Amino acid sequence: MNEKIRRIGVLTGGGDCPGLNAVIRAIVKTAHNDYDLEVIGFVDGYEGLIENRYRRIDLGEASGILAQGGTILGTSNRADPFRFPVLQDEEYIYLDRSSQAVRNFESLGLDVLITIGGDGTMAASSGMMKKGLPIVGVPKTIDNDLFGTEVTFGFDSACVTATEAIDKIHTTAQSHHRVMIVEVMGRYAGWLALCSGLAGGGDIVLMPEFPYDIEAVCDAIRTRNARGKNFSIVVVGEGAKPIGGSMTVARTIETSPDAIRLGGVSHTVASQIEGLTNIECRVTILGHLLRGGSPSAFDRILATRYGVEAVHMAVRGETGRMVGLQNQQMVSVPIEDVAGKTRVITPGHPLLKVAQSMGVCLGVSTSVSLEEHFKDPVAS
Ligand code: F6P
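1. Let's talk about the sheet that holds strand β6 (residues 112–117)
(1) Moving on: In space, the 7 strands of this open sheet follow the order β3-β2-β1-β6-β7-β14-β15, with mixed pairing throughout. Where the open sheet ends on each side, the last strands, each with one partner, are β3 (54–56) and β15 (329–334). For this sheet, the mean inter-axis angle between neighbouring strands, taken without regard to orientation, is 25 degrees.

Encoded structure:
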């Protein structure tokens, strides 16, 4: 145990998601109840550390926020300390502000920094560790695409929201005999599409990892119609793409470490299906709805476990590591093993087989194996 620890810093980075406040609450309560530590919260992620914007978070502020979405600290997905955007003469220039961040950390007398975030935050944390900051990471993202943990908090809540949406869309699909296309976020990984597709009883699920064959998609729709099911639900991950095609980029944000924002592939899927089958399609893009709202019970417990364990790790001096969940147990992994990687669905994942046994079309012709069809969306 590291007896010297007195003050810990915390920040939330990247896109928000349900459960961030549950982690902050768990950190503050554990720091206070178990160790009598003071917690300093940086505002807007790494931006706050760089610009020295912070406040003390006491038990009062951390109380009553368990069920609250978003983050009481604010966040930013354009605050890479090594390439920090600064507006100069109406144009952005990029500065290395990592040394300023270290100075601010030191002048506050902090012993450890807990960074709650996804791959961008872990990549920044890995760099800051090399500059000497003792960091404990907590894995967050609705995309569920972080290495080192079986699940990130935020994912389950997003799945619940997507599933409820798919349930509601089912009724219109049935009543109007339409093909309804529901697009979910998830970036380069299909976890949200696959899991909400399974939970919502989707008929076709298209994921970034398996470029879709539109003929296979239309065959599945025709087969359903021939069986008297004159409607279909297609769940599409925003990173899905047709065989030989590329992902649909909605916009690029130059100041963001990952500049690409995906979105809109479902319109292409809809016009392809209408063109080939003559069946009317409608598109619903769930977008940021998936990041909002109250965390699910599963996420509240997971976020709480992560927050509690992060403080225990800080006190044990177990820094440079990210807390994770493996086989239901809290574990920790080196942050540098996680940084810069994306955990996608690989062809052997058991949920894919479950989906196929349930007759769900994965956008692949039955004559082609998933292994043959797999394309790493990050590499391609
Ligand atoms: O990583 C979380 C996520 O919601 C992705 O699913 C999505 O692609 C992206 O962030 C959207 O980012 P922004 O909030 O910048 O539009």
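2. Quick notes on the pattern of salt bridges
(1) Moving on: In total, this model carries 16 salt bridges according to the counting rule given.
(2) Moving on: We note a salt bridge from Arg53 to Glu47, for which the minimum N-O separation is 3.1 Å.
(3) Moving on: The exposure class of Arg53 is partly exposed, given its relative accessible area of 28%.
(4) Moving on: Accessibility expressed as a relative area gives 18% for Glu47, which makes it buried.
(5) Moving on: Residues Arg282 and Glu280 are paired through a salt bridge, measuring 2.9 Å at the closest nitrogen-oxygen approach.
(6) Moving on: Under the relative-accessibility criterion, Arg282 is labelled partly exposed at 34%.
(7) Moving on: Judged by its relative accessible area of 41%, Glu280 is partly exposed.
(8) Moving on: One salt-bridge network, in which partners are shared between bridges, spans Asp119, Asp143, Asp145, Arg187 and Asp258.

3. Brief notes about the domain arrangement of the chain
(1) Moving on: By domain assignment, the chain separates into domain 1 (7–153 + 295–338) and domain 2 (156–291 + 346–373).
(2) Moving on: Using only C-alpha atoms to locate each centre, domain 1 and domain 2 end up separated by 32 Å.
(3) Moving on: With 20 residues of domain 1 at the contact, the number on the domain 2 side is 18 residues.
(4) Moving on: Roughly 1600 Å² of surface becomes buried between domain 1 and domain 2 when both sides are summed, with 48% attributable to carbon and sulfur atoms.
(5) Moving on: Counting the surface domain 1 buries against domain 2, the share from its top three residues, Arg78, Ile142 and Asp143, is 33%.
(6) Moving on: At the boundary of domain 1 with domain 2, the tally comes to 4 salt bridges.
(7) Moving on: In this structure, Arg187 engages Asp145 in a salt bridge whose closest nitrogen and oxygen atoms are separated by 3.7 Å.
(8) Moving on: On the surface where domain 1 and domain 2 come into contact, there are 11 residue pairs in polar contact (both at pLDDT 80 or more).
(9) Moving on: Looking at the side of domain 1 that touches domain 2, the elements that each hand over two or more residues are β5 (91–95) and α10 (297–316).
(10) Moving on: When grouped by side-chain class, the residues that make up the side of domain 1 that touches domain 2 number 8 nonpolar, 4 polar and 8 charged.

4. Thoughts on the site of the ligand
(1) Moving on: The environment of the ligand is made up of Asn77, Ile142, Asp143, Met185, Gly186, Arg187, Glu238, Arg261, His288 and Arg291.
(2) Moving on: Separating an oxygen atom of the ligand from a side-chain N or O atom of Asn77 is a distance of 3.2 Å.
(3) Moving on: The side chain of Asp143 places a nitrogen or oxygen atom 2.6 Å from an oxygen atom of the ligand.
(4) Moving on: A total of 400 Å² of accessible area belongs to the ligand in isolation, and the protein chains cover 82% of it.
(5) Moving on: Considered class by class, the residues forming the shell around the ligand number 2 nonpolar, 3 polar and 5 charged.

5. Brief notes about the packing of helix α7 (residues 191–199) against helix α12 (residues 350–357)
Packed helices, taken two at a time, are described by the angle their axes make and the gap between the axes.
(1) Moving on: Two elements in contact, α7 and α12, have axes whose closest approach is 11 Å; the angle formed by their N-to-C orientations is 40 degrees. As the angle between them shows, α7 and α12 are arranged oblique. For the pair α7 and α12, the crossing hand works out as left-handed. Between α7 and α12, the residues in contact are Leu194, Cys195 and Leu198 and Leu351, Leu352, Val354 and Ala355, respectively.
(2) Moving on: The residue inventory of the contact of α7 with α12, partitioned by class, reads 7 nonpolar, no polar and no charged.

6. A closer look at the environment of Ser332
(1) Moving on: Considering the arrangement of structural elements, one finds Ser332 in strand β15.
(2) Moving on: In sequence terms Ser332 and Ala310 are 22 residues apart; their C-alpha atoms lie 9.2 Å from each other.
(3) Moving on: Residues contacting Ser332, with those up to four places away along its chain left out, are Met313, Glu318, Arg321, Met322 and Val323.
(4) Moving on: Only 2.9 Å separates the side chain of Ser332 from the side chain of Glu318, close enough to count as a polar contact.
(5) Moving on: At a separation of 2.6 Å, a polar atom in the side chain of Ser332 contacts the side chain of Arg321.

Each value, and the rule that gives it
Here, residues in each chain are numbered from 1, in the same order as that chain's written sequence. Reporting in this predicted model follows two pLDDT cut-offs: at least 70 for local features of residues, and 80 or more for side-chain atom pairs to be given and counted; totals over whole chains, interfaces and linings ignore these cut-offs and use all residues. With hydrogens and water set aside, each side-chain value is computed from the structure's full complement of heavy atoms. Strands qualify as paired when DSSP identifies two bridges or more between them. Working definition: helices are DSSP H or I runs of at least four residues, strands are E runs of at least two. Numbering for both runs from the N terminus. For helices, the fitted axis covers only the stretch in contact; all axes are lines through C-alpha atoms, and the angles between them, taken along N-to-C directions, range from 0 to 180 degrees. The rule for a salt bridge is simple: a side-chain nitrogen of Lys or Arg has to be within 4 Å of a carboxyl oxygen of Asp or Glu. Using a 1.4 Å probe on the protein chains alone, a residue whose accessible area is under 20% of its type maximum counts as buried, one over 50% counts as exposed, and one in between counts as partly exposed. Domain ranges listed in this record stem from an automatic or a database domain assignment. The contact criterion used is simple: two residues touch if any of their non-hydrogen atoms lie within 4.5 Å. Two parts placed together each lose some accessible area under a 1.4 Å probe, and the buried area is that loss summed for both. Counted as a polar contact is a pair of N or O atoms within 3.5 Å, where, for protein atoms, one must be capable of donating a hydrogen and the other of accepting one, and residues adjacent in sequence contribute only when both atoms are in side chains. Side-chain classes are defined by residue name, with Ala, Val, Leu, Ile, Met, Phe, Trp, Tyr, Cys and Pro counting as nonpolar, Asp, Glu, Lys and Arg as charged, and the others, Gly among them, as polar. Consider each residue's heavy atoms; a residue with any of them within 4 Å of a molecule or strand counts as near. Computed with a 1.4 Å probe, the accessible areas rest on the Shrake-Rupley method; for each residue, only the protein chains presented here act as cover. Between 65 and 115 degrees an angle is taken as roughly perpendicular, under 35 as roughly parallel, over 145 as roughly antiparallel, and anywhere else as oblique. Here a crossing is taken to be left-handed if its near helix is turned anticlockwise relative to the far helix by less than a right angle, and right-handed if that turn runs clockwise.

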